[in-house]
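# Commentary on secondary and tertiary structure
As a plain string of letters, each chain reads:
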Amino acid sequence: MKITLISNNTFSIYGGYERVLEIVLNVLTKKFDCNFSLISAPHYQCLLDGPIYDDFKTYNISRESDYKDKTQYCFYIVKKKLFGKKLLINYFTLEKHIYSITNSDIIIVTDPLLISTVYFLLKNRNVNKKIIYWDHGSLMGYLNNYFTRIIYKNEILESLVLPDAHLTISSDISNFIKYINPEAKIFMVYNPLQNYEGQLIKRSKSNVFLYVGRLSDSDKNISFLLKGLALIKNKQWKLIIVGTGKDEKMLQKLAHKLDISDRIEWLGFRKDPYKNINEVTALMLTSRWEGFPMVLVEANQRGVPVISSDCKSGPKDIVIPGVNGYLFKEGDINDFIKVVNDIIEGKLQFSSPEEISKSSKRFDSDLVISNIYNSLKKILEEDF
């Protein structure tokens, strides 16, 4: 099966999207004899300054953009809006790869702003190929951010009716697409969890909390986490932060202002975030939105319970209250404080690390990737 995957990611960082794609592409290539071509078409060319991450160099990958920088990209958007034209972002970049695209059996698009571009590129050439949209959080990201929602909302909603089928990674994304397009063909596949055979992490007798992820406050809302913990009075706790990002210095300054710097350990980026971490009370996630937060599943796999915002999308598909974690209302600091306080005081408890680890088996890579392959095969063979 020949597949062209079109993304706005640069493949020069190693985040959640890249981790999932690395696992999926590797298994589909080796076990199911799929052949992938990757096209990276980010908003602007200067985002491609970083080198391709090593794990993607084995694939046929092209990286390019129609726009050299943010100014040129914004000018294109404004011009199209003023004249009431469709946003066909990176049309000329994708046109350069028309041979690869038209010679594929299936085209997978992972950014909603590129769906229309691919659709009309094929339509203008009278080429009939199956287009699949596989969202990894971009949909919720664009529609939950105030500025991008104003700019892109109509284009995104219109684009969701164009694909032949959708692979979805959460019930929230499935429900949203179904709401926009009741006739949509949806295959919910979740995200795959890489196998782990190591020891489970013990439950800490003291209150040790963990954050793992990109330090980007607009979506991860880490400032909420710091402010919430600072309001938990007369309780001893420690926070370990594993990750780096553009807001690291700002968050360190906020911790100092909140007078909690001495309770936080900043470990920076680690490919294995759990290295040398032997005891944890719970992992915390306070995101405003997600796609399918693998950080929660990966924590459960190690026997670590989670405290997560009930954001869109993903946490409610992962967290089993009272077993492997608890949810709090997204953005509600009082609800967050109550959950954390109740855990510290023993009013809320979790299952054993062994039972928590078992709860992650639903997302084992063999199961999820077989489901993805069977869905792709069905989409290719059926005439919708």
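Above this text you will find the structure in question.
Residues numbered from 1 in each chain as written. Predicted model: local features only at pLDDT ≥ 70, side-chain atom pairs only at ≥ 80, totals over all residues. Heavy atoms only, no water.

## Quick look at the side chain of Ser360
We count it as follows: Put simply, DSSP marks the helices as runs of H or I at least four residues long and the strands as runs of E at least two long, and each gets a number from the N terminus on. Between buried and exposed lies partly exposed: a residue is buried under 20% and exposed over 50% of the maximum accessible area for its type, with that area taken using a 1.4 Å probe on protein chains only. Working rule for contacts: check all heavy atoms of both residues, and any pair within 4.5 Å makes them a contact.
Here Ser360 lies in the loop between helix H15 (353–359) and helix H16 (365–381). Since its relative accessible area comes to 3%, Ser360 is described here as buried. Once residues lying within four places of it in the same chain are set aside, the contact partners of Ser360 are Leu193, Val297, Asn300 and Gln301.

## Side note on a nonpolar patch on the surface
Filter applied, for reference: Without a salt bridge and with relative accessible area above 30%, a residue can belong to a patch; like charges are then joined within 9 Å and nonpolar side chains (Val, Leu, Ile, Met, Phe, Trp, Tyr) within 5 Å. Surface accessibility follows the Shrake-Rupley procedure with a 1.4 Å probe radius. Residue values consider only the protein chains on display as shielding. Any Lys or Arg side-chain nitrogen located within 4 Å of an Asp or Glu carboxyl oxygen qualifies as a salt bridge.
On the surface, Tyr146, Phe147, Ile150 and Ile151 cluster together into a nonpolar patch covering about 440 Å² of accessible area. Along the chain, the position of Phe147 falls in helix H7 (residues 146–159).

## Here we look at the state of the cysteines
Where we set the bar: Two cysteine sulfur atoms form a disulfide, by the criterion used here, when they sit within 2.5 Å.
What the rule picks out here adds up to zero disulfides. In this model Cys74 remains outside any disulfide bridge; the closest cysteine sulfur is found in Cys46, 11 Å from its own. On the basis of relative accessibility, which here comes to 36%, the residue Cys74 falls in the partly exposed class.

## Digging into the pairing of strand S14 (residues 306–309)
Look at any regular strand and the pattern is simple: side chains alternate between the two faces of the sheet. Applicable threshold: The pairing criterion for strands is at least two bridges between them, as found by DSSP. Classification remark: right-handed applies to a crossover when, strands pointing away from the viewer, the course from the first strand over the helix to the second runs clockwise.
Where burial is concerned, the two faces of S14 agree: the one with Val306 and Ser308 and the one with Ile307 and Ser309 are both buried. As paired strands, strand S13 (residues 282–285) and S14 are joined by three bridges and run parallel to one another. Counted as the bridge partner of Leu285 is Ser308 from S14. Read as a crossover between parallel neighbours, the route from S13 over helix H12 (residues 294–301) to S14 is right-handed. Of the pairings in the sheet, the one linking S14 to strand S15 (residues 325–328) comprises four bridges and is parallel in character. Bridged to Ile307 within S15 is Tyr326.

## Things to note about H12
With seven of its eight residues buried, H12 lies for the most part within the structure. Those residues of H12 that sit buried are Met294, Val295, Leu296, Val297, Ala299, Asn300 and Gln301. The inward-facing, buried residues of H12 contact helix H1 (16–31), strand S9 (208–212), S13, S14, helix H13 (315–318) and H15. Positive phi shows up at Gly303, right after H12, with a value of about 90 degrees.

## Focus: the nonpolar core
Note the cut-off: Residues belong to one nonpolar core when they are buried, are Ala, Val, Leu, Ile, Met, Phe, Trp, Tyr or Cys, and are joined through side-chain atoms within 4.5 Å.
Ranked by size, the top nonpolar core spans 93 residues in total, and within it Leu28, Trp134 and Leu283 carry the most contacts. Looking at this core, the element that brings in the most residues is H1, giving seven residues. Each residue touching Leu283, except ones within four places of it in the same chain, is listed here: Leu210, Val212, Tyr274, Val295, Leu296, Ala299, Val304, Pro305, Val306 and Ile307. Tyr211, Ile241, Leu254 and Ile307 belong to the second-largest nonpolar core, a separate cluster that totals 31 residues.

Note that every value here comes from positions in space, so none of it alone points to a role or purpose.
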